[in-house]
Amino acid sequence: GHRVGLLGATGGHSTVMTDGFARAGFSVPSLTAASYGKLAGFFNVTGGSYKNPIDGLGGSPENLPAILDILDHDANIDAIAVEMLPRMGRSWPDRIEAYVKALAAHRAKSAKPVIAIICSPFTGDDAQLVIDLDRRLLEVGVPAFPSVDRGARALKKVSDYHRFRQEIAGGP
């Protein structure tokens with residue numbers, strides 16, 4: 001489908017993600033009331049938001065598995081894209097690994113596609129962080145893209161391909 005749940009960093013990143021996915025033909029719909037109720041139970045909105053796009057992970061990386069699970073069960077969401085900031089690995093390497101593990105665990109149990117967007121300049125000291133994160137995501141089977149536009153276009157091609165296959169097979 002073409003309805004995407006987005007998880008981005010604070011500071012305008014979620015808006016950039018929304019714009020990029022909209023340009024590729026996706027919608028970024030509201031979540032169901034049940035999903036909002038679950039998110040309200042733990043999400044700290046200081047510096048973030050749990051509207052779609054979800055902005056800031058509610059202040060804690062430990063929220064990522066729960067947020068992914070909520071999006072997975074939300075009837076308004078067909079696919080999920082998560083922004084990764086490799087520079088965090090410099091200060092909090094355990095946090096980056098926790099994100100990778102959460103994405104891998106989600107991918108293993110969900111039929112909904114999940115992709116990572118690695119948002120960072122590919123120059124200077126960050127270049128090795130980006131390479132290492134990309135390699136780590138590949139190891140766990142999570143597709144990663146170096147920009148919102150590239151990730152959105154790739155996911156759109158996959159979505160369109162599967163929709164086409166369903167149509168020629170006579171499916172819904």
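That block above? That's the structure.
The rules behind each value
Residues numbered from 1 in each chain as written. Predicted model: local features only at pLDDT ≥ 70, side-chain atom pairs only at ≥ 80, totals over all residues. Heavy atoms only, no water. Buried < 20%, exposed > 50% of the residue type's maximum accessible area, 1.4 Å probe, protein only. Helix = DSSP H or I, 4+ residues; strand = E, 2+ residues; numbered from the N terminus. Arc of directions from axis to C-beta. Contact = heavy atoms within 4.5 Å. Pairing = 2+ DSSP bridges. Axes fitted to C-alpha atoms, helices over the stretch in contact; angles between N-to-C directions. Phe/Tyr/Trp six-rings, centres within 6.5 Å; stacked < 30°, edge-to-face > 60°. Salt bridge = Lys/Arg side-chain N within 4 Å of Asp/Glu carboxyl O.

J.: Got a minute to help me understand helix H2 (residues 33–40) in this structure?
T.: Each α-helix winds once per 3.6 residues, and so residues spaced three or four apart point in a common direction. Those residues of H2 not exposed but buried are Ser 35, Tyr 36 and Leu 39. Buried residues in H2, looked at end-on, bunch into an arc of 100°, giving them a common side. Those residues of H2 that are buried are in contact with strand S2 (54–55) and helix H3 (64–73).

J.: Where do I start with the sheet that holds S2 in this structure?
T.: Note on sheets: strands pair through backbone hydrogen bonds, and any given pair is parallel or antiparallel. Across the sheet, which stays open at both edges, the five strands sit in the order S2-S1-S3-S4-S5 with parallel pairing between neighbours. Since the sheet does not close on itself, it has two edges, and those belong to S2 and strand S5 (144–145), each with one partner. Sheet analysis places strand S1 (residues 4–8) next to strand S3 (residues 79–84), joined by four bridges and oriented parallel. Bridging across to S3, Val 4 finds its partner in Ala 79. Those strands touched by helix H5 (residues 93–109) are S3 and strand S4 (114–118), and its axis lies near 170° from that of S3. Its contacts with the sheet put helix H7 (residues 148–168) on S3, S4 and S5, and the angle it makes with S4 is roughly 160°.

J.: Sorry if this is basic, but what is going on with the packing of aromatic side chains here?
T.: How two aromatic rings sit relative to each other is given by the distance of their centres and the angle of their planes. Under the criterion given, the structure shown has three aromatic pairs. Summarising the aromatic geometry, the rings of Phe 43 and Tyr 50 are spaced 5.5 Å apart at their centres and angled 70° between planes, so their arrangement reads as edge-to-face. On the accessibility criterion, Tyr 50 (18% relative accessible area) is buried. An aromatic cluster is present here, built from Tyr 36, Phe 43 and Tyr 50 joined pairwise through their rings.

J.: Would you mind going over the pattern of salt bridges with me for this structure?
T.: Once the charged atoms of two side chains with opposite charge are near each other, the side chains can pair. In this structure the tally under the stated criterion is seven salt bridges. Between Asp 149 and Arg 23 there is a salt bridge, and its shortest N-O distance comes to 2.7 Å. Within this pair, whereas Asp 149 is found in helix H7, its partner Arg 23 is found in helix H1 (residues 13–23), the two being separated by 126 residues in sequence. Asp 69 serves as the salt-bridge partner of Lys 109, at 3.7 Å between the closest nitrogen and oxygen. Of this pair, Lys 109 sits in helix H5 while Asp 69 sits in helix H3, placing them 40 residues apart in sequence.

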